[in-house]
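# Structural features, examined
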Amino acid sequence: MNFSLRFLHRTAALLLGAALLTGAAGELAAQEEGVTRGEDGKSYTEEGTPTYHVGEDGTVDWYIYQGFRRYHSECHVCHGPDGMGSTFAPALANSLKRLDYYEFMDIVVNGRGSGNSVMPSFGDNPNVMCYIDDIYIYLKARSDDAIPRGRPAKREDKPDAATEAEDACFGT
Ligand code: HEC
């Protein structure tokens, strides 16, 4: 009896300690958990879908920056600046809390909607399709509040792999 009580106490203390540890680690790694960086400088989730990387001082990876630029040339006329939405197209910074990478791709490639609310299909538009990961990565960072509104102040240099992928996509 005495022993088992002490044992219970010790177990409880251990469990509590473990819970505190995971709690702390979970908070620190909320954004980065399971995220790895490829040689192309692009970050990937555990599932292998693209995601963003923001440094501690707010420096954004190349892909966020490129996505910011492409979003504002191809999407913002309807979806509003910074993914904030407009009167006739939804705020994509919110949509990406709900849509996964594949659902996002499907909508951009094939389009959606009817009547007055039509999302055009961009599957044949290289200015969108060659940068679609970048646009997704940018919007995902906005959706997680990992970056503020506006043009990113500091960014990483363009990786060679990004230039190569771009050339290959445009066939130059
Ligand atoms: C001509 C206006 C227009 C342009 C340009 C446009 N969209 Fe859309 N988009 C819409 C409308 C309208 C909807 C809502 C369609 C519906 O009601 O189903 C929409 C819906 C979407 C959705 C689904 C949102 C949700 O909450 O389910 C995604 C994702 C999306 N657009 C991505 C993009 C991206 C990325 C670009 C730029 C490459 C883009 N759109 C450019 C008008 C546009």
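The structure under discussion appears in the preceding block.
Residues numbered from 1 in each chain as written. Predicted model: local features only at pLDDT ≥ 70, side-chain atom pairs only at ≥ 80, totals over all residues.

### So, the overall build of the chain
- Each helix and strand counted, the chain has eight helices and five strands in total.
- Counting over 172 residues, the chain shows a buried share of 20%.
- Here the contacts in the chain between residues at least 6 apart in sequence split such that 60% fall between residues at least 24 apart. (Helix = DSSP H or I, 4+ residues; strand = E, 2+ residues; numbered from the N terminus. Buried ≥ 20, exposed ≤ 12 C-beta atoms within 10 Å, placed from the backbone. Contact = placed C-beta atoms within 7 Å.)

### Overview of the site of the ligand
- The environment of the ligand is made up of 23 residues, and the closest members are C75, C78, S95, G113 and M119.
- For the shell around the ligand, the secondary structure elements donating two or more residues are α3 (76–79), α4 (92–98), α5 (101–110), β4 (112–114) and β5 (117–119).
- The residue inventory of the shell around the ligand, partitioned by class, reads 17 nonpolar, four polar and two charged. (Near = placed C-beta within 6 Å. Nonpolar A, V, L, I, M, F, W, Y, C, P; charged D, E, K, R; others polar.)

### What to know about the sheet that holds strand β1 (residues 36–37)
- Spatial ordering of the open sheet is given by β1-β2-β3, a layout of three strands whose pairing is antiparallel. Pairing within the sheet leaves two strands with one partner each, and these edge strands are β1 and β3 (50–51).
- Examined bridge by bridge, strand β2 (residues 43–44) and β3 share two bridges and lie antiparallel to one another. Note on β3: the bridge partner recorded for Y44 is P50. (Pairing = 2+ DSSP bridges.)

### Digging into the environment of P90
- On the secondary structure map, P90 appears in the loop between α3 and α4.
- What makes P90 partly exposed here is the crowd of 15 C-beta atoms within 10 Å.
- When the C-alpha positions of P90 and G80 are compared, they lie 8.6 Å apart, and in sequence the two are ten residues distant.

### Remarks on the nonpolar core
- With 23 residues, the main nonpolar core has I64, I135, I137, Y138 and L139 as its most contacted residues.
- For this core, the secondary-structure elements that each account for two or more residues are α2 (62–74), α4 and α7 (132–143).
- In terms of residue count, α7 provides more of this core than any other element does, seven residues in total.
- Ignoring sequence-local partners within four residues, the contact set of I64 consists of Y52, I137, Y138, A141, I147 and P152. (Core = buried A, V, L, I, M, F, W, Y, C linked by C-beta atoms within 7 Å.)

### Details of helix α8 (residues 160–170)
- Little of α8 is tucked away, with zero of its eleven residues classed as buried.
- Count one or two residues on from α8 and you reach G171, which has phi positive near 70°.

### Topic: the packing of α2 against α7
- It is at 7 Å that the axes of α2 and α7 come closest, and there the two elements cross at 100°. Relative to α7, the element α2 lies roughly perpendicular. Along its contact with α2, which presents Y63, I64, Q66, G67, F68, R70 and Y71, the element α7 presents D133, D134, I135, I137, Y138, L139 and A141.
- Grouping the constituent residues of the contact of α2 with α7 by class yields nine nonpolar, two polar and three charged. (Axes fitted to C-alpha atoms, helices over the stretch in contact; angles between N-to-C directions. Parallel < 35°, antiparallel > 145°, perpendicular 65-115°, else oblique.)

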